[in-house]
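Summary of structural features
So you can see what is in the structure, the chains are spelled out below.
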Amino acid sequence: MTSRREFLTITASALALQASGLAAITPATRPLEILVLGGTGFLGPHQIDYALARGHRVTMFNRGSNPGMYGDAVEELIGNRDPELDQGLSALAGDRTWDVVIDNSGYVPRHVQASAELLKGRCRRYIYVSTVAVYDFEEGSVFPETAKLAVLKDPSVEEVNGETYGPLKAECDRIVRSILGDACTVVRPTYVVGPGDHTDRFTYYVVRVNRGGEVLAPAGPELETQWVDARDLCPWIVTLGENDTPGIFNAAGPASKVDRLGLMWGLRAMTEAPVVFYWPDQALLDELEIQFPMMEPGSEHFVNTASMEAGLVYRSLADTATGTLQWWQAQDDERRSNPRRWPTPEQEAVAIARLK
């Protein structure tokens with residue numbers, strides 16, 4: 001959940017980028033009515049900020065845990081994705097229509113089915129934000145959008161965790177396509193990074209390399225890594241709605257393949273501090289119980305041709321890293337002293353000592 005302080009920082013960054021002329025936002029030729037399911041997490045502020053800048057009218061549906069985040073600029077409807085809890089979906093009932101629905105918060109098949117059935121015929125375009133984790137990773141290592149999806153072994157499971165996240169999203173993915181047909185667009189992002197990323201995954205590498213010194217790198221320097229900057233993904237999702245674009249898209253950058261070695265050296269080029277990398281093997285990391293964010297032991301490639309043909313532009317690593325670092329440095333001391341799931345300096349020192 002994005003706080004008011006974090007949202008203001010994100011918005012300030014977006015406006016600064018707009019003022020620089022690098023990403024001038026022009027008004028849309030026709031204002032749309034856009035309904036965002038969610039809206040206060042990581043993706044929502046980037047989407048809503050862009051949609052408002054384009055002149056669209058935005059309605060946000062969520063539990064109301066962060067009211068007034070957008071002032072009077074956004075209409076807020078309060079409810080719950082679970083139709084059996086609180087007010088459920090009652091705020092969305094009736095015959096009201098929207099041009100575009102952007103579903104950021106659908107994780108449980110029962111919840112997604114309820115909203116898709118309720119909104120069917122009441123929106124021109126329903127955009128479901130899925131994930132590349134939906135694929136069946138036992139089927140290979142290269143995944144176009146037509147690749148086989150994972151199967152949820154127990155259809156009654158609704159708890160979202162590391163094991164169930166992908167299969168649950170896969171079932172949600174199937175459900176929206178089945179119910180909405182050609183009116184549905186599915187976006188499957190890989191790791192979403194950039195300013196406002198509350199997971200702190202990509203942020204770890206940016207901050208750690210910028211600090212310099214002896215740096216423990218992830219295992220497998222030859223393995224590919226993919227990501228997408230929220231500042232590219234979110235405006236593009238709005239554009240898909242504006243253009244009424246159907247289809248399924250892997251949102252997995254960058255435009256050209258980058259391995260872990262290239263990622264780390266790219267970050268190294270951005271700091272004045274001396275940096276020395278130490279590359280462990282996976283066995284050492286397992287022994288010391290060190291888990292690097294974003295860097296699984298294997299390597300998959302998610303084909304991104306369709307997304308680029310549909311207009312998604314993946315910005316440079318330098319741009320993403322700079323924006324991420326500026327955002328992180330703008331956070332308060334408490335936030336920066338409590339990063340999420342980073343390797344500790346003590347773990348790093350022990351591993352480097354073993355590698356010397």
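Data block above holds the structure.
One structure accompanies this document, and this report is about it. (Residues numbered from 1 in each chain as written. Predicted model: local features only at pLDDT ≥ 70, side-chain atom pairs only at ≥ 80, totals over all residues. Heavy atoms only, no water.)

Scanning the protein from terminus to terminus reveals 12 helices and 13 strands. Taken over the C-alpha trace, the protein has a radius of gyration of 21 Å; the compact-globule value for 356 residues is 21 Å, and the two agree within 12%. By principal-axis analysis of the C-alpha atoms, the protein measures approximately 70 × 50 × 40 Å. For the protein, buried positions account for 53% of its 356 residues. Restricting the contact set of the protein to residue pairs at least 6 apart, pairs at least 24 apart contribute 79%. Within the structure as shown, the protein displays about 16000 Å² of accessible surface, and the carbon and sulfur contribution to it stands at 51%. One way to put it: in the protein the 33 positive side-chain charges average out to a point 3 Å from where the 48 negative ones average out. (Helix = DSSP H or I, 4+ residues; strand = E, 2+ residues; numbered from the N terminus. Rg over C-alpha atoms; globule rule 2.2 N^0.38 Å. Buried < 20%, exposed > 50% of the residue type's maximum accessible area, 1.4 Å probe, protein only. Contact = heavy atoms within 4.5 Å. Areas by Shrake-Rupley, 256 points an atom, 1.4 Å probe, with all protein chains shown as cover. Lys, Arg positive; Asp, Glu negative; His and termini not counted. Charge placed at Lys NZ, Arg CZ, Asp CG, Glu CD.)

Looking now at the pairing of strand β4 (residues 98–103). Of all six residues in β4, six are buried, a share of seventy percent or more. Here strand β1 (residues 33–37) runs beside β4; their pairing, made up of four bridges, is parallel. Looking at the pairing, L35 lines up with V101 of β4. Pairing geometry for β4 and strand β5 (residues 123–129), over five bridges, is parallel. What sits directly across from D103, in β5, is Y128. (Pairing = 2+ DSSP bridges.)

Bringing unusual backbone geometry into the picture now. It is generally the case that most residues other than glycine have a negative phi and that most peptide bonds are trans. With an omega of -5°, the peptide bond between G253 and P254 qualifies as cis. In this fold, P254 is placed in the loop between β11 (247–251) and α7 (260–268). With phi around 55°, D244 is a residue other than glycine that occupies positive phi space. Looking at the secondary structure, you find D244 in the loop between α6 (230–242) and β11.

Attention shifts here to the sheet that holds strand β7 (residues 184–189). Strand order in the open sheet made by the seven strands is β3-β2-β1-β4-β5-β7-β11, with parallel pairing throughout. This sheet does not close on itself; its edge strands, each paired only once, are β3 (74–78) and β11. Neighbour-to-neighbour, the strand axes of the sheet open up by a mean angle of 20°, direction not taken into account. Direction of pairing for β5 relative to β7: parallel, over a ladder of four bridges. (Axes fitted to C-alpha atoms, helices over the stretch in contact; angles between N-to-C directions.)

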